[in-house]
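Fold and contact review
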Amino acid sequence: MLLYIRILWNLVTARILRVLEDDDRGEITTTVIVTALMAVLAIALIAIIAAKLTAKANSIDLGFGG
């Protein structure tokens, strides 16, 4: 059991050191903005499709008179 704990400790330590040595962290702000815009566009697209489907469903004549 102690061997597994040592292996896990060494693995975690190595990964932390690897992350700390890496200076290129990427453009997080740009990624967040693009992801947020895509989410807003997806919600808008779903709203448009739902409105069109609802309008089409309400325009169907079922022949009940009225």
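Here, every reference points to the structure presented above.
The present account deals with the structure reproduced in this document. Just so we're clear, the structure is a prediction, and the values are computed from it rather than from any experiment.

Before going further, it helps to examine the overall build of the chain. Counting its secondary structure elements, the chain contains two helices and zero strands. Taking 66 residues into account, the globule formula puts the C-alpha radius of gyration at 11 Å, and the chain, at 27 Å, lies well above it. In terms of its C-alpha atoms, the chain occupies a principal-axis envelope of roughly 80 × 35 × 10 Å. By residue count, 0% of the 66 residues in the chain fall in the buried class. Put simply, the chain shows about 6700 Å² of open surface, and 71% of that area lies on carbon and sulfur atoms. When the 6 basic and 6 acidic side-chain charges of the chain are each reduced to a single mean position, those positions are 10 Å apart.

Residues lying three or four places apart along an α-helix face the same way, a consequence of the helix completing one turn every 3.6 residues. With 20 residues, helix α1 (residues 2–21) extends 28 Å from end C-alpha to end C-alpha; this agrees with the ideal 28 Å at 1.5 Å per step. With zero of 20 residues buried, α1 is to be regarded as a mostly surface element.

Here Thr30 is to be found in helix α2 (residues 28–58). Separated by 21 residues in the primary sequence, Thr30 and Trp9 have C-alpha atoms spaced 34 Å apart.

This part takes up the environment of Ser59. With respect to the element layout, Ser59 can be found in the segment after α2. Within the local environment of Ser59, its side chain forms a polar contact with the backbone oxygen of Lys56, the two atoms lying 2.8 Å apart.

Once that is clear, we can look at a nonpolar patch on the surface. Judged by side-chain polarity, Met1, Leu2, Leu3, Tyr4, Ile5 and Ile7 come together as a nonpolar surface patch covering roughly 730 Å² of accessible area. Examined against the element boundaries, Leu3 turns out to sit in helix α1.

About the criteria used
Residues numbered from 1 in each chain as written. Predicted model: local features only at pLDDT ≥ 70, side-chain atom pairs only at ≥ 80, totals over all residues. Heavy atoms only, no water. Helix = DSSP H or I, 4+ residues; strand = E, 2+ residues; numbered from the N terminus. Rg over C-alpha atoms; globule rule 2.2 N^0.38 Å. Buried < 20%, exposed > 50% of the residue type's maximum accessible area, 1.4 Å probe, protein only. Areas by Shrake-Rupley, 256 points an atom, 1.4 Å probe, with all protein chains shown as cover. Lys, Arg positive; Asp, Glu negative; His and termini not counted. Charge placed at Lys NZ, Arg CZ, Asp CG, Glu CD. Expected span 1.5 Å × (residues − 1). Polar contact = N/O pair within 3.5 Å; in protein donor to acceptor, adjacent residues only side chain to side chain. Patch = residues over 30% accessible without salt bridge, like charges linked within 9 Å, V, L, I, M, F, W, Y side chains within 5 Å. Salt bridge = Lys/Arg side-chain N within 4 Å of Asp/Glu carboxyl O.

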